[in-house]
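# Results of the structural survey
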Amino acid sequence: MLFVGAAVGVAYVIWNVSRDLPDYKQLAQYEPPVMTRIHAADGSLLAEYAEQRRLFVPVNQMPKQLIQAFISAEDKTFFQHSGLDWMGIASAGIRYVEVKLTGRGQIVGASTITQQVAKNFLLTNERSMLRKVKEALLVQRIEQAFSKDQILELYLNEIFLGLNSYGVAAASLNYFGKSLDQLSLEEIAYLAALPKGPNNYHPFKQRERAIERRNWVLTQMFDNGYITDAEMKAAQAKPLEVNPRPFGAQLFAAESFAEEVRRELVDIYGKDKLDTGGLSVRTTLDPKLQIFARQALARGLIAFDRKRGYRGPIDKIDVSGDWGAVIANRSVPDDVAPWRIGVVLEVSETQAVVGLQPRRKADGTLPADRERVTVPLALLQWARAYDDGTKLGPEIKAATEVLTAGDVVYVAPSKDPAQWHLVQVPDVEGALVAMDPHTGRVLALVGGFSYGRSQFNRAVQAMRQPGSSFKPIVYAAALDNGFTPASVVLDAPIEFKMPNGETWKPKNYQEKYFGPSTLRRGIEQSRNVMTVRLAAELGMVKIADLAQRLGIYERLPLQLAMALGAGETTLIKMVTAYSMIDNGGKKIDATLIDRVQDRFGRTIFRHDRRDCSACKADRYDPNAPEPELLDVREQVMNPYTAYQITSMMEGVVQRGTGKKLLAVGKPVAGKTGTSNEEKDAWFIGFTPDLAVGAYVGFDNPKPMGKKRTGGELAAPIVADFMRLALRDKAATPFRVPRAIELVPIDAKTGKRAIFGTDGVILEAFKPGDEPPESTKVIGGDMVSADIPPSADGVTLVPPQPLPQEPQPLAPLPGTGDAAGGGDGLTTGAGGLY
């Protein structure tokens, strides 16, 4: 009767507990949170985003030795038992009694891998008899429904192994920087040692315990017959070498690009999908061009910053004690390496001795030795006194005039390892974008001097006045409406009476006027007054329409000053607009993302929207014609107009304000831009297959100084980048549309002339157009005009500040292109010298 009663009681408990058991069948639809991985165009890893750093790997793709290691460490009878290891449970029970009676030793568990799967997926970590009963019931059902390999696959992809690593594949990358099939035996054994408690066997904080546990796993593998005695001893003799992989941007100088991709993915799919969805993202980034872009922008900003003088040390400290400990905790952006922060220890007339910030060891302690470097007088002579950035103090004749003991400064290595430069982080900022003009694919993007210092992405977020870099849009609108490059506009003073009674008098940059000039001459020399006259003759509606079709503005105010680039926009929008001019007037959208695939490899986004149904053939037929991809891009600018304005912007480089681009040695078209009081300096240029734009300016706009123009600041940056990016490319001329007529004309008068004589150029005319027999001066009768309110209620009052643009200026001493080192691929600020 007692036995029957007990049996009934147990049956009731099992029945009662079984009613509340989780549905184990959900394991068949296991979709764990998986990290999203972002790759550059060449497949190299760019960044990872995840709540749990996990990579899912099928069990049949895991090394056999890895599985043997985990079985030896966690459940050596896994392939023999049916979910519960009764011998293990009995042994654990005896051990429990011994520990309680003697007070010595440690209690051991007897959970099988199947039990851990049940607990991790379906139950909680609650320590209670009820949870154990539920676990025992679940494992029986799991073992019946799933194969041993399926259970192992769930376990090895879910288990937490420290360093925010979930699953063996993520742990392999995060601890050793290797895929599973590249792991050595001792590395496999260390991973198998971690499930009992990753923090207990931390590779740095608990190094001895970690090695002891790893060696115990190797012993278990030998006892179970998985490895030989020689293999065991060889692996146990190896040191524990762990190199944690950084999380986030993986490519040097690509942080701004990666962050912008992250923002776009969050906008499209949401943060949860980004962090847990296991997306595979192929971006447009060219890693080589990205390094060139970062170097070119940094060199340009540093060169300009040095012309403004030395602003003094970062801080002052007492160097009588342990100066290394004082500066050890100062943060230094990773992306300014190999720059180092240091403190001046001694100064003489000829040099300064600087103590470098000590680098902490793996265990977090400081090394006993302190590094010291020398900064000779020759490498700090640039550091003349800073006087509001407009003028410099006297020339430096002694190091003591610049530095004193206790100054905390930045220093950088030179080509001579015994000598270091004194450097400072520029207070002026800028951005650079490089784009494929045919597709809108952003090949390189740099959002500022240092992402570690400021995460603001100036390439896509900064709203700036483009100044005269907007003028090609005005001239293109004119070419679309009956004007030709040889049309003549008066370059002479003009004034406009505004509705409020005030008078607006636009001026050329140097306040010089040159009389009747062709449109080509006006854009090459960036004449403001000519541009205003042309806009007044043409009408701002036509200019605004083209600017909006090119994506520069959503709605351009109908104000004459907008023709001079007074409206704010972003660098990436301007580069996209110039790309459409470059490609013959075809509509493109800038993109940083080529393709997005879900965790199963299905493409869920593709930037290239061309239809390729014929690409999906059932089998390959070598005799079948290649699939034809139709160009579905919208025509937003007349292709003849696009070539004409391209030809005119080639003249900007050859004879005008963009002469710094001649250093590229390839056909380049482009336009400089400078806003009022030199607050923004732009250059946007392109070759037949590459469009590049850069701007320089303070984040809180303020004057950069007289003659700090687009031609002097931004153009050398673009030239530096293009020279590196195109050095292995052939010099390709711009593609001339069919039916375009190239007619020799006088560059000043616009009349037909004899080719080969002085001042004669080949000008591009649309079919049916030709140079005029006589010159008609546009705006010749316009000296003063009233500006009425526009039809849509927008008053045509020019906003302030008004943009300006210079005539070509002779280069200042020392403003030649900064020299890069070697092949230009120096991955750090050291490439700036």
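Residues numbered from 1 in each chain as written. Predicted model: local features only at pLDDT ≥ 70, side-chain atom pairs only at ≥ 80, totals over all residues. Heavy atoms only, no water.

The next point concerns the overall build of the protein. If you tally the helices and strands in the protein, you get 21 helices and 28 strands. For the protein, the proportion of its 833 residues judged to be buried stands at 53%. Excluding contacts between residues fewer than 6 apart, the proportion of contacts in the protein whose partners are at least 24 apart in sequence is 71%. (Helix = DSSP H or I, 4+ residues; strand = E, 2+ residues; numbered from the N terminus. Buried < 20%, exposed > 50% of the residue type's maximum accessible area, 1.4 Å probe, protein only. Contact = heavy atoms within 4.5 Å.)

What the rule picks out here adds up to 13 aromatic pairs. Centroid distance Phe176 to Tyr190: 6.4 Å. Interplanar angle 80 degrees. Geometry classified as edge-to-face. Linking Phe176 in helix 7 (residues 168-176) with Tyr190 in helix 8 (residues 185-193), this pair joins segments that are 14 residues apart in sequence. Taken individually, Phe176 and Tyr190 each receive the classification buried, so the pair is uniform in this respect. The interplanar angle of 75 degrees and the centroid separation of 6.3 Å between the aromatic rings of Tyr578 and Phe686 together place this pair among those described as edge-to-face. Highlighted residues: Tyr578 in helix 19 (residues 571-582) and Phe686 in strand 23 (residues 681-687), separated in sequence by 108 residues. A relative accessible area of 0% means that Phe686 is categorised as buried. Taken together, Tyr175, Phe176 and Tyr190 form an aromatic cluster joined through their ring pairs. (Phe/Tyr/Trp six-rings, centres within 6.5 Å; stacked < 30°, edge-to-face > 60°.)

Under the defined criterion, the tally for this structure stands at 37 salt bridges. The partner of Arg311 in a salt bridge is Asp305, with the nearest N and O atoms 2.7 Å apart. A salt bridge links Asp631 to Arg633; the nearest nitrogen and oxygen atoms lie 2.8 Å apart. A relative accessible area of 27% places Arg633 in the partly exposed class. Linked by salt bridges that have partners in common, Glu259, Glu260, Arg262 and Arg263 make up one network. (Salt bridge = Lys/Arg side-chain N within 4 Å of Asp/Glu carboxyl O.)

Read across the sheet, 3 strands follow the order 19-16-27 without closing on themselves; strand pairing throughout is mixed. Edge positions in the open sheet fall to strand 19 (515-518) and strand 27 (777-778), since each of these has one partner strand only. Sheet topology note: the strand 16 (residues 488-491)/strand 19 ladder contains 4 bridges and is antiparallel. Each bridged residue has a counterpart across the sheet, and for Val488 the counterpart in strand 19 is Thr518. (Pairing = 2+ DSSP bridges.)

Another aspect to go through is helix 6 (residues 148-158). Counting buried residues in helix 6 gives 8 out of 11 residues, a clear majority hidden from the surface. All of the buried residues along helix 6 are Lys148, Ile151, Leu152, Leu154, Tyr155, Leu156, Asn157 and Glu158.

A few words on unusual backbone geometry. Peptide bonds are mostly trans, and most non-glycine residues show a negative phi. Residue Pro338 follows Ala337 across a cis peptide bond; omega there is 10 degrees. The backbone of Glu511 shows a phi angle near 55 degrees, a positive value even though the residue is not glycine. One non-glycine residue, Glu678, lies in positive phi territory at about 55 degrees. If you trace the backbone, Glu678 turns up in the loop between strand 22 (669-674) and strand 23.

Attention now goes to the packing of helix 15 (residues 471-479) against helix 17 (residues 528-538). The N-to-C vectors of helix 15 and helix 17 enclose an angle of 40 degrees; their axes lie 10 Å apart at closest approach. Judged by the inter-axis angle, helix 15 sits oblique to helix 17. Along this stretch, helix 15 crosses helix 17, giving a crossing that reads as left-handed. Judged by residue contacts, Lys471, Val474, Tyr475, Ala477 and Ala478 of helix 15 engage Asn528, Met530, Thr531, Leu534, Ala535 and Leu538 from helix 17. Its residues placed into classes, the contact of helix 15 with helix 17 shows 8 nonpolar, 2 polar and 1 charged. (Axes fitted to C-alpha atoms, helices over the stretch in contact; angles between N-to-C directions. Parallel < 35°, antiparallel > 145°, perpendicular 65-115°, else oblique. Left-handed = near helix turned anticlockwise from the far one by under 90°. Nonpolar A, V, L, I, M, F, W, Y, C, P; charged D, E, K, R; others polar.)

Next up on the list: the side chain of Lys586. Along the chain, Lys586 turns up in the loop between helix 19 and strand 20 (593-597). Of the buried charged residues, Lys586 lacks a salt bridge, with Asp631 as the closest side chain of opposite charge at 4.1 Å. Here Lys586 is in contact with Met580, Asp631, Arg633, Glu634, Gln635 and Val636, once residues within four sequence places are set aside. (Lys, Arg positive; Asp, Glu negative; His and termini not counted.)

Below, the discussion takes up the sheet that holds strand 5 (residues 280-283). Taking strand neighbours across the sheet as the criterion, the 5 strands line up as 2-1-5-20-21 in an open arrangement whose pairing is mixed. Edge positions in the open sheet fall to strand 2 (45-49) and strand 21 (603-606), since each of these has one partner strand only. Ignoring strand direction, the axes of neighbouring strands in this sheet form an average angle of 15 degrees. With 4 bridges connecting them, strand 1 (residues 36-39) and strand 2 associate as antiparallel partners. Within the sheet, the bridge partner assigned to Arg37 lies in strand 2 and is Glu48.

Treat this as a map of the structure, not an account of what it does.
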